[in-house]
Amino acid sequence: MSEIKTRAIRSREKKAALGADLNLEEFSRQSEDWAYDPEYRQFSSEERQHLLKAGIELTDEEHAGTFLQADAKVVHCRASQPGVEVLPITEAMSRYDWVSDYLWRLVAVDADKYTARAELELDNGYFTRVLPGVHLDQPVESCLYLRTNLFAQYLHNLVIVEPGAQMHIITGCTTHPAVHSGLHVGVSEFYVRAGGQLTFTMIHTWAEDVHVRPRTGVWVEEGGIFISNYILLKPVKTVQTYPTVTLAGPGAVTRLNSILIAHPGSELDIGGRVILQAPKTRAEVIARSLTVGGKCISRGHLIGQAPEIKAHLECRGLILSPKGIIYAIPELEGQVAGVDMSHEAAVGKIAAEEVEYLMARGLDEDEAISTIVRGFLKVKIEGLPAALEAEMERAVQETGKGM
Amino acid sequence: MLKIEDLWVSIAGKEILKGVNLHIPVGETHVLFGKNGSGKSTLLMTIMGFQSYQVKQGKIFLQGRDITQLPTYERARLGLGLAFQRPPSIRGVKTRDILFACSGTKPYMPLVEQYNFTSFLDREVNYGFSGGELKRSELLQLLAQDPSMVLLDEPESGVDLENLEVVGEIIGRLLQKDRRRGHREKSGLIITHTGFILDYINADRGYIMLDGKIPCQGNPREILQHLKQYGYEECARCLR
């Protein structure tokens with residue numbers, strides 16, 4: 001038995017360091033055997049609308065590649081442009097010997113029971129690789145879909161951006177309209193080679209009783225850029241994630257943006273950690289969290305290990321309900337001289353003077369509040385499809401109403 | 001245009017205005033002098049209807065309509081416009097958005113271009129603005145809003161000489177100073193410390209506010225002259 005398997009077995013029941021502890025036996029591993037669907041024929045218009053809210057367009061047009069996994073089954077997978085590969089991870093492992101060398105290097109298999117199960121009970125996941133120097137002008141779209149109620153989905157994703165290449169991935173993670181509960185465990189390992197650029201936009205649109213445990217590690221080499229946008233606007237039971245980005249080569253840059261809304265009954269524990277290992281690397285972690293009654297823990301951890309690095313952490317929280325809780329935990333850890341790290345954290349309610357200021361310009365109270373909320377949540381996000389942008393706008397409008 | 005009758009106002013239980021009476025006819029501009037803390041800003045904020053300013057007694061009429069209990073936005077929609085002395089900044093909201101909100105269906109771009117404000121459109125509302133920029137932004141919003149009753153809270157404070165002229169020019173435009181007396185439809189109530197604004201607008205009447213009351217009124221230039229010469233102490237003595 002491989003060393004990885006042994007470690008995974010040992011950690012089958014290992015409680016995670018953060019987040020509510022889940023009894024994994026409460027979820028089902030039985031789902032339908034969804035058919036492979038090159039033309040997306042099995043999706044009703046209601047389902048299509050629902051997927052669109054998570055940014056999933058169900059078309060191969062205007063995409064460099066597409067991947068859709070429903071429960072355990074890959075139902076669609078295609079690379080549409082030269083220079084990019086999109087494969088189910090299980091297929092990539094059998095096609096290329098070297099793929100397994102990339103797995104479990106950035107995320108420890110024995111980190112907790114979720115990583116362990118992802119190894120032991122792997123359903124599938126996507127493998128995406130863009131070849132050296134190739135700039136994809138259209139995004140690769142991946143959709144991780146819970147289509148059966150109470151299903152526990154275990155995924156492992158691997159992304160490789162070869163030297164000088166550029167790619168934008170949009171991942172929509174969502175549930176079928178009939179699903180109210182389930183578990184999504186997604187291990188993701190991203191490698192950005194020298195001079196490469198990866199923009200990763202992830203939109204979570206779950207159901208009220210779904211539990212989510214992404215486990216993400218990112219490796220960025222010299223001059224590489226990794227930008228992550230994480231958007232969670234809809235109700236969910238619990239999400240706990242703490243992606244770690246290692247800036248391993250000089251001049252590497254990362255920017256992690258997250259926009260979070262905690263609804264009543266939701267418990268979000270979202271972090272972002274950057275290890276600035278090489279000189280002249282730069283990092284920016286920006287979180288906007290808003291609660292309308294749920295709990296949101298916003299963590300950030302910058303670790304400066306080399307001189308001439310620059311890093312900034314910004315957590316801003318807005319409480320729109322008396323029952324909402326926002327807990328911002330920014331951490332700065334400088335391990336050598338010559339690091340330049342800062343943080344800014346602010347949690348509060350909407351300032352009455354801002355509302356009155358807008359009311360003096362003729363906006364009623366609801367309009368004033370939603371204008372302020374929209375402004376608060378506005379973080380520049382590149383490359384979102386128009387439908388998703390409209391959906392975000394609408395979600396934010398809704399959130400601002402009646403506060 | 002604006003009429004205030006026996007207005008008593010408290011903030012957090014503390015009495016600030018103690019029986020203010022005021023009448024600003026259509027087309028007239030009145031200025032309000034007074035020491036810091038005398039209640040000038042409280043009067044403007046109360047006219048605008050902000051929540052922490054509690055009217056204990058008295059009434060406010062705009063164009064004959066009792067607005068004392070109306071919410072702020074309805075007063076704005078009825079034609080009241082206020083330029084704040086210290087406007088709050090609103091992160092993430094662009095100046096463009098607020099101008100759009102002010103102007104309704106009218107185009108605001110010609111104003112923006114005329115007053116050299118194009119580069120501010122994509123900046124966050126009031127965030128990191130200098131004193132002069134804040135005032136220009138406030139006045140531009142009012143121009144876009146086009147109120148019939150203009151309330152200005154120290155429009156000249158923090159403005160450098162270069163910007164002062166533009167500020168004066170915009171205020172003149174807001175109050176239709178290019179028209180002859182009797183032909184103006186806009187009215188104004190302006191708080192000023194320096195009286196500088198009088199060079200631009202030729203105000204019709206001046207008031208002195210002392211301890212929450214308006215005990216004295218007259219020709220604004222004469223009042224200013226008097227204040228410059230003798231100060232507010234002399235006012236207090238004179239009124240005793």
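Just so you know, these numbers come straight off a predicted model, no measurement behind them. Residue positions are given per chain, counting from 1 as you read along its sequence in written order. For naming, the first written chain is A and the first written ligand is 1, with later ones following in the order written. pLDDT decides what is reported in this predicted model: residues at 70 or higher carry local features, side-chain atom pairs at 80 or more are listed and counted, and totals for whole chains, interfaces and linings draw on all residues regardless. For side-chain calculations, the full set of non-hydrogen atoms in the structure is used, while hydrogens and water are omitted.

A. Focus on unusual backbone geometry. Here the phi dihedral of E62 of chain A falls at roughly 60 degrees; this positive angle occurs in a residue that is not glycine. With respect to the helices and strands, the residue E62 of chain A is situated in the loop between α2 (45-53) and β1 (65-70). Working definition: with a 1.4 Å probe on protein chains only, accessible area under 20% of the residue-type maximum means buried, over 50% means exposed, and in between means partly exposed. With a relative accessible area of 62%, E62 of chain A lands in the exposed category. Phi at D146 of chain B is positive, roughly 55 degrees, even though this residue is not glycine. Put simply, DSSP marks the helices as runs of H or I at least four residues long and the strands as runs of E at least two long, and each gets a number from the N terminus on. Within the fold, D146 of chain B resides in the loop between α5 (131-145) and β9 (149-153).

B. Up close: the environment of Y108 of chain B. All names here are of chain B. By the element assignment, Y108 lies in the loop between α3 (95-103) and α4 (109-114). Linking Y108 and G172, residues 64 residues apart in sequence, is a C-alpha distance of 18 Å. Setting aside residues up to four positions removed in sequence, Y108 forms contacts with R96, L99, F100, S103, L121 and A144. Should any heavy atoms of two residues lie within 4.5 Å, those residues are counted as being in contact.

C. Region of interest: the domain arrangement of chain A. As annotated, the domain borders come from an automatic or database domain assignment. Segmenting chain A into domains produces domain 1 (3-355) and domain 2 (356-403). Centre-to-centre separation of domain 1 of chain A and domain 2 of chain A, based on C-alpha positions: 25 Å.

D. Geometry of the interface of chain A and chain B. Contacts between chain A and chain B engage 19 residues on the former and 27 residues on the latter. In this assembly, chain A packs against chain B so that about 1900 Å² is buried in total across both faces, 59% of it on carbon and sulfur atoms. Of all residues in chain A, E356, Y357 and R361 of chain A bury the most surface against chain B, accounting for 39% of the area lost on that side. Any Lys or Arg side-chain nitrogen located within 4 Å of an Asp or Glu carboxyl oxygen qualifies as a salt bridge. Linking chain A to chain B there are two salt bridges. Pairs of N or O atoms are called polar contacts if they sit within 3.5 Å, as long as, within protein, a hydrogen donor faces a hydrogen acceptor (for residues adjacent in sequence, only side-chain-to-side-chain pairs). Our count for the contact surface shared by chain A and chain B stands at ten residue pairs in polar contact (both at pLDDT 80 or more). Taken together, the elements giving at least two residues each to the side of chain A that touches chain B come down to α6 (352-359) and α7 (365-377) of chain A. The term buried area denotes the loss of accessible surface (1.4 Å probe radius) that occurs when two parts are joined, taken as the sum for both partners.

E. Highlighting the sheet that holds strand β3 (residues 29-34) of chain B. Residues and elements named next belong to chain B. Two strands qualify as a pair provided DSSP detects at least 2 bridges between them. Taken in spatial order, the six strands line up as β6-β9-β10-β3-β11-β12 in an open sheet, and their pairing is mixed. With partners counted over all chains shown, the strands left at the sheet margins are β6 (80-83) and β12 (213-218), one partner each. On average, adjacent strands in this sheet sit at an angle of 20 degrees to one another, irrespective of strand direction. For β3 and strand β11 (residues 205-210), the ladder comprises five bridges, and the chain directions are parallel. Working convention: axes come from line fits to C-alpha atoms, limited for helices to the stretch in contact. Angles between N-to-C directions cover 0 to 180 degrees.

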